[in-house]
Amino acid sequence: MLIRRPADLAPSEITPQEIYHQRRNFIRHAGSLALLGSATLTSGSALAAALNGIAPNKIPIEDKPTPRKDVISYNNYYEFGVEKEDPAHYAGTLKTRPWTVVVEGLCNKPRSFSIEELLKLAPLEERLYRMRCVEGWSMVIPWEGFPLSALLRAVQPQGSAKYVAFSTLADSKMMPGIKYPILQWPYTEGLRMDEAMHPLAILAVGLYGEELLPQNGAPIRLVVPWKYGFKSAKSIVRIRLQEAMPATAWAVANPKEYGFYSNVNPEVDHPRWSQATERRIGEFSKRKTLMFNGYADQVASLYTGMDLKKNF
Ligand code: MTE
């Protein structure tokens, strides 16, 4: 697959100063509100043990963050077009307030959350994560977010809940891409319950210290750093706890090429190309792809005994 680089700054990259300050204030304000909030939703000792005692936001990562201009202009968001520069050009039509996320299914307290309520669930943290796209490129992104587990705990999952399904906005008025049946709309993704509860899985609301831009999945998106980027459902509106493995947009579109698990795995090639190396956006030479995207110490135990060639 070709790697296309935008020749110039997209107009949407040039943020007027006033909007820049509004976005920074959003992140700061949300963070301080959350810190006043519930301490009971922070990770317990079992989760801390899974990280070998390292706080998730302190996992050492030597890689340099990818320049912000690339993070916000080289995107996949097919609801706004299939070219990498399309989301930065066209996603400005996405209206992100008011915004509600419905959390339902096998839980004792199903309910809907406004984006403001979501921001109070747990302290916002900055997490510098490697992101690896199945197409062979990667980035390192300073996300702002909170653990997905905080939201799931708030609705009290039942024992029969084995999977978490995510659906994102599909609005033909705001999203020109959904008139084309490239994927099944709304875009859907899924995680196994233990993956969803893992402290590295976050719901991101910002990056580089600012509120997310529409092209990156505003106002709230999934980030699961040990899986290929397409797991990162953008602009989430519905989260469902369920017993059955959810159908996911890419697996529905092409089940031979995209599986449910989607773990970054240099030993399992995509049917049409190798996954052994990657090109970091902003760099020229390729680098080796790491098992579980470099997070093996933290997540490999989730897959003990599984054949990852079959469960790709
Ligand atoms: N979410 C929605 N709703 N629609 C999409 O087309 N693309 C996915 C994922 N989330 C997509 C989506 C893919 S293929 C990738 S690689 C990542 O978003 C890209 O995230 P980024 O543009 O912020 O790097």
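Residues numbered from 1 in each chain as written. Predicted model: local features only at pLDDT ≥ 70, side-chain atom pairs only at ≥ 80, totals over all residues. Heavy atoms only, no water.

The number of helices and strands found in the protein is nine helices and 12 strands. Here the protein holds 312 residues, and 54% of them are scored as buried. Carbon and sulfur atoms form 56% of the exposed surface of the protein, whose accessible area is close to 14,200 Å². (Helix = DSSP H or I, 4+ residues; strand = E, 2+ residues; numbered from the N terminus. Buried < 20%, exposed > 50% of the residue type's maximum accessible area, 1.4 Å probe, protein only. Areas by Shrake-Rupley, 256 points an atom, 1.4 Å probe, with all protein chains shown as cover.)

What follows deals with the site of the ligand. Every one of the 15 residues lining the ligand counts as a neighbour, but Tyr78, Glu79, Arg221, Ser232 and Lys234 are closest to it. Lysine 234 is positioned with one of its side-chain polar atoms (N or O) 2.7 Å from an oxygen atom of the ligand. When the free accessible area of the ligand is taken as 530 Å², the share hidden by the protein chains comes to 96%. Tallied by class, residues from the shell around the ligand come to six nonpolar, six polar and three charged. (Near = heavy atom within 4 Å. Polar contact = N/O pair within 3.5 Å; in protein donor to acceptor, adjacent residues only side chain to side chain. Nonpolar A, V, L, I, M, F, W, Y, C, P; charged D, E, K, R; others polar.)

On to the packing of aromatic side chains, then. This structure, assessed with the given rule, holds 11 aromatic pairs. Relative to tyrosine 261, the ring of phenylalanine 260 has its centre 5.3 Å away and its plane inclined at 90°; by these criteria the two rings are edge-to-face. For phenylalanine 260, a relative accessible area of 8% corresponds to the buried category. Classification of tyrosine 261 as buried rests on a relative accessible area of 5%. Three or more aromatic residues joined by ring pairs form one cluster here, namely Tyr163, Phe260, Tyr261, Phe292 and Tyr303. A cation sits over an aromatic face here: lysine 84 above tyrosine 74, 5.9 Å from the ring centre. (Phe/Tyr/Trp six-rings, centres within 6.5 Å; stacked < 30°, edge-to-face > 60°. Lys NZ or Arg CZ within 6 Å of the ring centre and 35° of its normal.)

Applying the stated criterion to the full structure yields 20 salt bridges. In this structure, the salt-bridge partner of glutamate 104 is arginine 238, at a minimum N-O distance of 3.0 Å. Remark: arginine 238 occurs in strand E10 (residues 236–242) and glutamate 104 occurs in strand E1 (residues 100–105); sequence separation between them is 134 residues. Close ionic contact of glutamate 278 with arginine 132 constitutes a salt bridge, the shortest N to O distance being 3.1 Å. With glutamate 278 in strand E11 (residues 277–280) and arginine 132 in strand E3 (residues 125–132), the pair connects residues that are 146 residues apart, well separated along the chain. Summarising the burial analysis for this pair, glutamate 278 and arginine 132 share the class buried. (Salt bridge = Lys/Arg side-chain N within 4 Å of Asp/Glu carboxyl O.)

Right, let's get into the sheet that holds strand E6 (residues 188–192). Here five strands make up an open sheet; going across it, the order is E2-E1-E10-E5-E6 and the pairing mixed. Edge positions in the open sheet fall to strand E2 (111–114) and E6, since each of these has one partner strand only. Within the sheet, the average angular offset between the axes of one strand and its neighbour, ignoring direction, is 20°. Here E1 pairs with E10 via four bridges, running parallel. (Pairing = 2+ DSSP bridges. Axes fitted to C-alpha atoms, helices over the stretch in contact; angles between N-to-C directions.)

This paragraph deals with the confidence of the model for the protein. Per-chain confidence: the protein averages 89 in pLDDT, with 84% of residues scoring 70 or above. Every residue in residues 1–16 is under pLDDT 50, and counting partners more than four places away or in other chains gives 29 contacts. (pLDDT = per-residue confidence, 0-100. Contact = heavy atoms within 4.5 Å.)

With that settled, the discussion passes to the environment of asparagine 76. Mapped onto the elements, asparagine 76 comes out in the loop between helix H3 (68–71) and helix H4 (86–90). Overall, the relative accessible area of 25% leaves asparagine 76 in the partly exposed class. Apart from the residues within four sequence positions on either side, asparagine 76 is in contact with Lys84, Pro87, Cys133, Glu135, Trp137 and Lys234. Engagement of the side chain of asparagine 76 in a polar contact is seen with the side chain of lysine 84, the distance being 2.8 Å. Polar contacts involving the side chain of asparagine 76 include one to the side chain of glutamate 135, which spans 3.4 Å.

It is worth spelling out the side chain of arginine 130 at this point. With respect to the helices, strands and loops of the structure, arginine 130 is situated in strand E3. In contact with arginine 130, other than residues within four places in its own chain, are Ile61, Asp63, Met139, Val140, Pro225, Arg280, Asn293, Gly294 and Tyr295.

Sheet faces and side chains relate simply in a regular strand, where the side chains alternate between the two faces. Summarising the sheet, E3 and strand E4 (residues 137–147) pair through eight bridges and their orientation is antiparallel. Note that in E4 the partner of leucine 128 across the bridge is proline 142. Counting the residues in the hairpin turn of E3 and E4 gives four residues, including glycine 136, whose phi is positive at 110°.

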